[in-house]
Amino acid sequence: MRTNAKALTGVIMLVVFVLLAVIGPWIAPFDPSMRSNALLQPPSSMHWFGTTHLGQDIFSQVLAGTRSVVFVGAVAGVVATVLSVLVGITAGYLSGTASEGLSALSNVFLVIPALPLIIIITSSLPETSNLTIALVIGLTSWAWNARVLRAQTLSLRRRDYVEAARANGESTWRIILFEILPNLYAVIASGFVGTVLFAVISEITLAFIGVSDAGGWNWGTVLYWAQSQQALAQGAWWWFVPAGLAIALLGTSLSLVNFGIDEYVNPRLRTRFSMRGVRMRVGFTPVLAKETS
Amino acid sequence: MSYLLKRLAFYLLTAWAAVTINFFVPRMIPGDPVQALITKQRGQMTSEAVRSLYVLFGLDKNESLASQYFSYLGQLLRGDLGMSFTFFPSPVSDVISDGLPWTVGLVGITTVIGFLLGTAAGAVVGWRRGTWADSLIPVTTFVSSIPYFWLGLVAIAVLTGPGSFFPASGAYEIGLVPNWDWQFIGSTVQHGLLPGFTILVSSVSGWILSMRNMMVTVSSDDYVTVAHAKGLPERRVMLAYAARNALLPNVSGFALALGFIVGGTLLVEIVFSYPGLGLQLFQAVGAKDYPLLQGIFLVITLSVLLANLLADVAYLALDPRTRREA
Amino acid sequence: MKDRILEVRGLDVDYGLGPDAVRAVRDVDLTLHRGEVLGLAGESGSGKSTLAYGMTRLLPPPGVVAGGEVIYHLDDGTTVDLLRMRDADLRRLRWAEIAIVFQGAINSLNPVQRISAQLMDVLKAHSAGSTPQSRQDRARELLSLVGIASDRLHSYPHQLSGGMRQRVMIAMALALEPRVVIMDEPTTALDVVVQRQILRTLVGLRERLGFSVVFITHDLSLLAEFSDRIAIMYAGQVVEEAVSADLYRTPLHPYSDGLLRSFPALKGPRRELSGIPGSPPDLRMMPSGCAFHPRCPRALDVCDEQVPVLGQSRDNRSVACWLHPVAVS
Ligand SMILES: Nc1ncnc2c1ncn2[C@@H]1O[C@H](COP(=O)(O)OP(=O)(O)OP(=O)(O)O)[C@@H](O)[C@H]1O
Ligand SMILES: [Mg+2]
């Protein structure tokens, strides 16, 4: 079906990126930081994406930078997801002040502008590495999913089988682990994918304004150098186009995966609306033409 | 407690949380990065300015944390955000009040226009589900995954240059003095078009997607079918029944998403050297100008809270169920 | 009374397209006469709503009308096929000729608009010449028709009780004095007292205004009281159709009999309440022969081999059952 085709395309693209993250630095034709005499060259068979003002190979920089991007996305995604599951399910399952308090906490984190917060924290850190950046992003971006999970848990808690399990005196932990959590996998997965996307864009944005892993490469650092060396004014489009496209492709693959999950969660989005020239329409049910046989 | 009062209380809580974060974050900085600067500039700093930096960064180790916190709050209430290092000897509050109007003008206006345009387009795309309109979705997905600032870079590369109508940087022509005459306003609009357009293109696609999904969800609600059964004109069914209801979650989504959007849009300023808070933030990061960094974070947060409050008022006006009967 | 107004012929309705389509209504024939109340009964899931919305083309996706005709007789003697009308014509005909009260009035009203706006927009859409004042007067009149104080006119739906919303929907259905009103379980969500009160109002209005009603419910005793004729549905098919009194006294199809034994009778002979054992078939895996035979207490050998068709049986009743074979004329 179409949904699966979309999600499958997303997953395949994602697998390619993860693969590049693992082998990228090894298969890169050049050391990404190595200078050469080929200064600011447009793409050629030698340098597929051209070179920088110092003669560095941009193709190698983008390849090598994939690892940092995927690493930060994954770590931040995991941290934020674990936090959001803890906060969201607890807030949804408990009631009273504890629940109100946790949900107020997530709302506070939701409303405070995320990127500026991440910027002031990372720029105050003693050292910035991929890990610290990932942790800061993860620790500040769990709120949205926590909110979604809380709402879902609230409605699950009122279902008959959960009420029944409670009446049977099952322990809270058993109920949460075996009755509630399995129903939330899709929502959690979708939240994870969304956070990874946010983390990737945040990391790249941070690198673009000059906060990044010292000495390492990612797509944002490529753009940072392009911007600070006036690549635009010199007409060096190849300096910023590949990194930007890489971001957009990674982002698209994540969004495609999320479409698949969304349509799985919300059946109203899943219904096929046109097939063999018949278009489904609210208010005017299609009438199939008699087969002429 | 009425709806608005509740929200107001929540925003006060959030503002307090932001202030408290702002108090603790600089205390993580190892050593005394500020101390060095104070020492360097001591000759030109008034003792009052030095004192306020001490309070901001907790350099006064003799005081207890609690009393540091209260003197910090007191100082904020007086509007004293310390002294900027990059723009020395301007106080942070002066630097920010130079940048704020530009940001509010550019980011504020384009965000609202983006929301309105995207919502309108999403309503149409969702209503025309199953037609060519569906093919817009992959395109908008792709566009919404591009970081705002990168789109700005592309816009500059493609649309500016010698002889182009669009200037590549700044908020107005160099040499003009900011005032309310036509020449200046014209120049401002001309400079704002490209960055504004960049923000619009990237933010619109997100709204199209979310409004489309809401439209699809709402369209199968019973009252929409009833409206069709009543034989109402299609426009009325779409607008007064489907879109009107789909709008509600989109407005509350707007409020929640503001915190995410503002971060991205600020970065567009950097690319276009637009003299707003985003550019100042960039300069502050580069120069490790902590007081300015802190001040900008605080002001952005407060502006987002204010925008949230406005969105709440809009929601209140749109949904009769939250309104109290007089 | 014998004048036809609405005829459904060979109607098939599916959910879904292509290979994963399920047929929820199968080859249904049904005739509604002027001024009569036709009851449509059957267990939950038997396809009553699907039939009602399918024939008016109001079935939401993934519903599809797969075949058949729905002939409507206009006052001037001409006929139209609802399934083959252009959108604009169908829109004009809707509500002015055929109005529907949907199952679950709670969700039938637009939550963000006042009742007045929802009553008046339909007046405006169908009579371009009316003034806002005349529309408002009419809206007030309609509300009082169903017993709602006219100061409720400007309320929002959430400010009304469930019963009031149901009445508002009935008032709305009568706004244009339609010839046919289709009511899908208009009262099931309400308590018995309110239920009867609303139905009495309705029957009174019908006598005054002279419209026909298709009344859908699974409560047969309610139908016996309020309708002229009854059609019984099982698994998407009409299995029996008769004058109410006949069907109530002597149901021919074992399924009709079972249905009658599922509700306490309010008048007439007392029956033992036994209900029907088993559950309706999965539409994807319909049994061979008569769809009811696996649950039928009186099934014959022929029942799982051949499909009985709905036709006049020897005793001049319409039934699709091998116990009452179709009379060969
Ligand atoms: N969206 C759908 N997709 C697939 N099958 C559906 C869908 N909606 C309804 N059905 C099936 O169509 C059949 C008829 O449903 P319908 O709603 O017409 O029953 P009903 O007689 O009105 O029942 P009730 O008395 O509960 O209202 C049911 O078996 C149901 O499972
Ligand atoms: Mg029904």
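Parameters and conventions
Residues numbered from 1 in each chain as written. Chains lettered and ligands numbered in written order. Predicted model: local features only at pLDDT ≥ 70, side-chain atom pairs only at ≥ 80, totals over all residues. Heavy atoms only, no water. UniProt positions renumbered as here; feature names shortened; annotations may be inferred. Helix = DSSP H or I, 4+ residues; strand = E, 2+ residues; numbered from the N terminus. Patch = residues over 30% accessible without salt bridge, like charges linked within 9 Å, V, L, I, M, F, W, Y side chains within 5 Å. Areas by Shrake-Rupley, 256 points an atom, 1.4 Å probe, with all protein chains shown as cover. Salt bridge = Lys/Arg side-chain N within 4 Å of Asp/Glu carboxyl O. Near = heavy atom within 4 Å. Polar contact = N/O pair within 3.5 Å; in protein donor to acceptor, adjacent residues only side chain to side chain. Nonpolar A, V, L, I, M, F, W, Y, C, P; charged D, E, K, R; others polar. Buried < 20%, exposed > 50% of the residue type's maximum accessible area, 1.4 Å probe, protein only. Contact = heavy atoms within 4.5 Å. Buried area = accessible area lost by both parts, 1.4 Å probe. Phe/Tyr/Trp six-rings, centres within 6.5 Å; stacked < 30°, edge-to-face > 60°. Lys NZ or Arg CZ within 6 Å of the ring centre and 35° of its normal. Core = buried A, V, L, I, M, F, W, Y, C linked by side-chain atoms within 4.5 Å. Donors = N, O, S within 2.8 Å, 3.2 Å for Na, K, Ca; no water. 1 Å grid on protein atoms, 1.4 Å probe; cavity = no way out; pocket = protein on both sides within 12 Å on 5 of 7 lines; lining within 4 Å. Points joined across faces, edges and corners; volume = space filled by probe spheres on them.

*Asks:* Which residues make up the UniProt feature "domain: ABC transmembrane type-1" (unreviewed entry) in chain A, and what values go with them?
*Replies:* Under the present numbering, the feature "domain: ABC transmembrane type-1" (unreviewed entry) in UniProt falls on residues 70–258 of chain A. For the annotated span residues 70–258 of chain A, helix accounts for 79% and strand for 0% of the residues, and the straight-line distance between the end C-alpha atoms is 17 Å.

*Asks:* Tell me what's going on with a nonpolar patch on the surface, and back it up with residues and numbers.
*Replies:* Nonpolar side chains collect at one region of the surface, where Val 18, Val 22, Trp 26 and Ile 27 of chain A lie side by side and expose about 420 Å² of accessible area between them. Mapping Trp 26 of chain A onto the fold places it in helix 1 (residues 2–27).

*Asks:* Help me get a handle on the site of ligand 1, residues and values and all.
*Replies:* Residues and elements named next belong to chain C. Around ligand 1 sit 15 residues, and of these Ser 44, Gly 45, Lys 48, Ser 49 and Thr 50 come closest. Measuring from an oxygen atom of ligand 1, one finds a backbone N or O atom of Ser 46 at 3.3 Å. At 2.8 Å, a side-chain N or O of Lys 48 approaches an oxygen atom of ligand 1. Its free accessible area being 640 Å², ligand 1 has 66% of it covered by the protein chains. Residue composition of the shell around ligand 1, grouped by class: four nonpolar, eight polar and three charged.

*Asks:* Go over the pattern of salt bridges, please, and point to the residues and values.
*Replies:* Residue and element names in this part refer to chain C. In this structure the tally under the stated criterion is 29 salt bridges over all chains. Among the ionic pairs, Arg 84 bridges to Asp 81, the shortest N-O distance being 2.7 Å. When its relative accessible area of 15% is taken as the criterion, Asp 81 is described as buried. The partner of Arg 317 in a salt bridge is Glu 240, with the nearest N and O atoms 3.0 Å apart. In this pair, Arg 317 sits in the loop between strand 11 (311–312) and strand 12 (318–319) while Glu 240 sits in strand 10 (residues 237–243), placing the two residues 77 residues apart along the sequence. Side by side, Arg 317 and Glu 240 carry an identical accessibility label, which is buried. A single network of salt bridges, built from pairs that share partners, joins Asp 3, Arg 34, Asp 75 and Arg 179.

*Asks:* With reference to specific residues and values, describe the interface of chain B and chain A.
*Replies:* Residue-level contacts link 61 residues of chain B with 53 residues of chain A. Taking both sides of the interface into account, the surface hidden between chain B and chain A amounts to around 5,000 Å²; carbon and sulfur atoms contribute 76%. Summed over the three residues of chain B that lose the most area to chain A, namely Arg 129, Trp 150 and Leu 256 of chain B, the buried surface amounts to 14% of that side. Linking chain B with chain A are zero salt bridges, by the criterion used here. Connecting chain B to chain A are six residue pairs in polar contact (both at pLDDT 80 or more). Of all the secondary structure elements, the ones that give two or more residues to the side of chain B that touches chain A are helix 1 (3–24), helix 6 (136–144), helix 7 (148–159), helix 8 (182–219), helix 9 (222–229), helix 10 (234–271), helix 11 (277–287) and helix 12 (290–318) of chain B. Split into classes, the residues belonging to the side of chain B that touches chain A amount to 39 nonpolar, 18 polar and four charged.

*Asks:* For the packing of aromatic side chains, give the residues involved together with the corresponding values.
*Replies:* Following the criterion strictly, the structure yields 26 aromatic pairs over all chains and no others. Here Phe 49 of chain A and Phe 59 of chain A contribute two aromatic rings whose centre-to-centre distance is 5.0 Å and whose plane-to-plane angle is 85°, an arrangement assigned as edge-to-face. Separated by 10 residues along the polypeptide, Phe 49 of chain A in the loop between helix 1 and helix 2 (58–93) and Phe 59 of chain A in helix 2 bring together distant segments of the chain. Phe 49 of chain A gets classed as partly exposed once you look at its relative accessible area, which sits at 26%. Overall, the relative accessible area of 16% leaves Phe 59 of chain A in the buried class. On the basis of an interplanar angle of 80° and a centroid distance of 5.8 Å, the ring pair of Trp 237 of chain A and Trp 238 of chain A is categorised as edge-to-face. The lysine or arginine in question, Arg 94 of chain C, covers the ring of Phe 284 of chain A, its NZ or CZ lying 4.5 Å from the ring centre.

*Asks:* Which residues make up the UniProt feature "transmembrane region" (unreviewed entry) in chain A, and what values go with them?
*Replies:* All names here are of chain A. Per the UniProt record, "transmembrane region" (unreviewed entry) is annotated on residues 7–28, 69–93, 105–125, 131–149, 184–209 and 237–261. Split by type, residues 69–93 is 100% helix and 0% strand. Its first and last C-alpha atoms lie 35 Å apart. Spanning residues 131–149, this segment combines 89% helix with 0% strand, and its end C-alpha atoms are found 26 Å apart.

*Asks:* Give me the nonpolar core: which residues, what numbers.
*Replies:* In terms of nonpolar packing, the biggest core is built from 126 residues, with Phe 208, Trp 219 and Leu 223 of chain A touching the most fellow members. Counting 112 residues, the second largest nonpolar core, distinct from the first, contains Leu 232 of chain B together with Leu 90, Ala 235 and Cys 296 of chain C.

*Asks:* Now, about the coordination of the magnesium ion (ligand 2): what can you tell me, with residues and values included?
*Replies:* All names here are of chain C. Every protein donor of the magnesium ion (ligand 2) is accounted for by Ser 49 (OG) and Gln 103 (OE1), and the metal-donor separations fall at 1.8 to 2.3 Å. Of this pair, Ser 49 sits in helix 1 (residues 48–55) while Gln 103 sits in the loop between strand 6 (98–101) and helix 3 (115–126), placing them 54 residues apart in sequence. With a relative accessible area of 34%, Gln 103 lands in the partly exposed category.

*Asks:* Would you mind going over empty space enclosed by the protein in detail, with residue names and values included?
*Replies:* This structure, assessed with the given rule, holds eight cavities of 30 Å³ or more. A volume near 70 Å³ is recorded for the largest cavity. Lining the largest cavity, in full, are Ala 229 of chain B together with Thr 56, Leu 58, Leu 82, Leu 90, Leu 93, Arg 94, Ile 98 and Ile 100 of chain C. Secondary-structure elements contributing two or more residues to the lining of the largest cavity are helix 2 (87–93) and strand 6 of chain C.

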